[in-house]
Amino acid sequence: MKLIRWLLPIASLGLVLTFTLWDLRRSRTGPGPLHPAHAGLTALAQGTNCEACHRSGAGIDAQACTHCHADIGAQQQAQKGLHGSLPPDQLARCERCHSEHHGDGAPLIAAHAFARAGVPDPAAYDHRHVSFHLSGAHGRLLCVHCHNEADSTAPSVHERFLGLSQQCGTCHVDEHRGAFGSDCESCHGQERPWAEAPKFPHAVFALAGPHAKVGCAACHESGSAHDVAVLRRQSLPPRACGECHADPHVPAASGRGALHLANTADCARCHAVTAWRDARPTAAAHASLGFALRGAHAAVDCAACHGDAARTARWSGPAPAPTACATCHEHPHGSDLMALAEAAPEPAGCAGCHVDTDAHFAEGRLTAAQHAATGFALVAPHADVACVSCHRGAVRSERFPGRAPADCRSCHRDVHAGQFAGEPGLAQCTACHAETHFLPHQFGVAAHGRTTFPLSGAHDAVACTACHREVVNGVRTFHGTARDCAACHADVHRGTFDRAGRPKVIEGRTGCARCHDTAAFAPALAGFDHSLWAGYELAGAHAELACAGCHRSVPAGPRLGKAAGSSCASCHQDPHAGQFAAGGTTDCARCHGPVRWQDMQFDHDQQSRFALDRVHARLACSKCHLGYETSTGTIVRYKPLGVACGDCHRLGAKGEVLK
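*Asks:* Looking at this structure, I do not really get the overall build of the protein chain. What am I missing?
*Replies:* Broken down by element type, the protein chain carries 26 helices and six strands. Taking 2.2 N^0.38 as the reference for a compact globule, 659 residues should give roughly 26 Å; the C-alpha atoms of the protein chain span a radius of gyration of 57 Å, well beyond that estimate. Once the C-alpha set of the protein chain is aligned to its principal axes, its extents read approximately 145 × 140 × 40 Å. Within the protein chain, the proportion of its 659 residues that are buried is 14%. Long-range pairs, those at least 24 residues apart, make up 38% of the contacts in the protein chain with a sequence separation of at least 6. Surface summary for the protein chain: the accessible area is close to 47,100 Å², and the carbon and sulfur share equals 59%. Charge-centre separation for the protein chain: the mean point of 58 positive side chains lies 9 Å from the mean point of 59 negative side chains.

Here's what the structure looks like:
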């Protein structure tokens, strides 16, 4: 019986131990299979050595990870690289980015890992976390171009992303075979095509213009004395143009060439490397050759004088003198003009009328003495006019018609279109304009006084165009200009004084002149009848006020504004706060005089309920009419007030006044 009593507890304990052992063996294999990259490691004993990665009761051991991944641990210690830039709490939880115990069904680097490390788009990663900066062509490469196993999900024997070098030679073939060292970027850069080597310091021979577009091998031929490798060991002086280019200016056997020149070794005298075909020597360089380029010569094509494959040079030997025009040119003049030129005090052939500074041959001119001999003296303003301005036409009779100096219209257009042609005193332009200059004219105030509109007051300082504004077909109108004020000036009163009942003529004056003169529009003439024009008589103090005191100026101009009104309350504040208003209106004139406000006309006996006896008549008004304070100030009370004695005095028992 005793054995049966202990059999049930012993059997129960056995079952508990069996299940415990089974559970322990099951837990040693983890929640799922390891990734193949970890499962094959000896240190993990095919997934049974949990302590290699886990700390008992503390989850993943980050130090255990860096124990195997030493390069990641080095990044963390140095605080460099992708892992070295992560915050400490994230470094302690490797499992946040690296998923395990899913076998090969999930990658060790989770899809969200790059985003948690600050790289939302791995394809656009700019390597900001590492010391390997991408620029130029490198920034456009895919990751797998440098990291061969970047997109692989299989276990990697080598590091997927670490271990690469930024030395160009680790990925590219050094075509210079070490002659220029290992810093390829210092010459080639990364932005432009590799063959251009845009950062190469070509200081000895500046690459400008067409030279910048030539390939290196075109000048630095391999195996020659100018080979790049040779020049790196021993620098040579820059080559002259003739060492690479043929001289096209040496005359050919036929006597013709591109351009016949002497001493052509120095190409820079005429050419610039940036625009070789636009060759032109500087003015100083050409002058040093014996012929200064001025005027038309400065703009002519070189071949026009020096010849080319189609034209023969105009001369050979030393350059001619600038005054020896006949060496290259033929004159178009008749014998009479040439005779006139030779009759000058110092005849000099073409140079007597033409100078080499003229931009065109037609700019040549006779001297003042020569032109005076023709009967037309060149004085201002004709002295500075080009000959072609007066002497033009297809035939000689048109160019030299024999005009008289005083006949302005024979050359000049009548800008007034005949408005003054019928007036004997104004038939010639010189009646209003000076002989030496057309503007300014000489038609002044005195001359205007002989017209139907003499200038007076402010009008004598006004420009002509201010009144003569009308222009018809390009001609300004002078005859028939209106003379009334409204033709030029706006009515600032807007017809107020032209309404019915207003006088049209005042002492022979009409329009604005009824009140204003020409000296100044404001103020108006003395004697302005305010009662007549405005219907409001100015009396007393009102007569001494300036107009603007009641008529405020309109902001848009000088016009006086409309008065506020004709009642006292329109302009003045009622100090009695409406105590004397009758029918909503206070008539101040009932008590106050028009000259001085203090001149009172108030009859206390007739205009109040309290007649003043002998005692009260001697009192000041303020004895009975006291002031009281309001939000707008002190107001004196006049009504309503009591009229019984007790309203103001203390009375005795029998009704007598005590005080």
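*Asks:* How do you make sense of the environment of P405 when you look at a structure like this?
*Replies:* Looking at the secondary structure, you find P405 in the loop between helix 18 (396-399) and helix 19 (445-448). Residue P405 is classed as partly exposed on the basis of its relative accessible area of 47%. Each C-alpha atom of the pair P405 and T510 lies 48 Å from the other, and the pair is 105 residues apart in sequence. In this structure P405 touches G375 and F376, once residues within four positions along its chain are discounted.

*Asks:* Hey, could you run me through the pattern of salt bridges in this one?
*Replies:* One side chain can pair with another of opposite charge once the charged atoms of both are near each other. Tallying each qualifying case throughout the model produces four salt bridges. For R294, the salt bridge is made with D356, and the minimal N-O distance between the two is 2.7 Å. Separated by 62 residues along the polypeptide, R294 in the loop between helix 13 (283-288) and helix 14 (302-306) and D356 in the loop between helix 15 (335-342) and helix 16 (368-372) bring together distant segments of the chain. Given a relative accessible area of 36%, R294 falls into the partly exposed group. Of the residues examined, D356 reaches a relative accessible area of 17% and is grouped as buried. Between D498 and R514 there is a salt bridge, with the nearest N and O atoms lying 2.7 Å from each other. Residue D498 is found in the loop between strand 4 (475-476) and helix 21 (530-534), and its partner R514 is found in the loop between strand 4 and helix 21; the two are separated by 16 residues along the sequence. Since its relative accessible area comes to 42%, D498 is described here as partly exposed.

*Asks:* Before we go on, may I ask you to explain the side chain of H220 in this structure?
*Replies:* Tracing the sequence through the fold places H220 in the loop between helix 10 (216-219) and helix 11 (228-233). Residue classification places H220 among the buried residues on the basis of a relative accessible area of 19%. The residues touching H220, leaving out its near neighbours within four places in the chain, are H202, H226, V228, L231 and R239.

*Asks:* Honestly, the packing of aromatic side chains in this entry has me stumped. Any pointers?
*Replies:* When we look at a pair of aromatic rings, we describe it by the centre distance and by the angle of the planes. According to the stated counting rule, one finds four aromatic pairs in the structure shown. The interplanar angle of 50° and the centroid separation of 6.0 Å between the aromatic rings of F420 and F478 together place this pair among those described as tilted. With F420 in the loop between helix 18 and helix 19 and F478 in the loop between strand 4 and helix 21, this residue pair connects regions lying 58 residues apart in the sequence. By relative accessible area, F420 is classed as buried at 17%. Between the NZ or CZ atom of R637 and the centre of the ring of Y628, over which it lies, the distance is 4.9 Å.

Reading the values: the criteria
Residues numbered from 1 in each chain as written. Predicted model: local features only at pLDDT ≥ 70, side-chain atom pairs only at ≥ 80, totals over all residues. Heavy atoms only, no water. Helix = DSSP H or I, 4+ residues; strand = E, 2+ residues; numbered from the N terminus. Rg over C-alpha atoms; globule rule 2.2 N^0.38 Å. Buried < 20%, exposed > 50% of the residue type's maximum accessible area, 1.4 Å probe, protein only. Contact = heavy atoms within 4.5 Å. Areas by Shrake-Rupley, 256 points an atom, 1.4 Å probe, with all protein chains shown as cover. Lys, Arg positive; Asp, Glu negative; His and termini not counted. Charge placed at Lys NZ, Arg CZ, Asp CG, Glu CD. Salt bridge = Lys/Arg side-chain N within 4 Å of Asp/Glu carboxyl O. Phe/Tyr/Trp six-rings, centres within 6.5 Å; stacked < 30°, edge-to-face > 60°. Lys NZ or Arg CZ within 6 Å of the ring centre and 35° of its normal.

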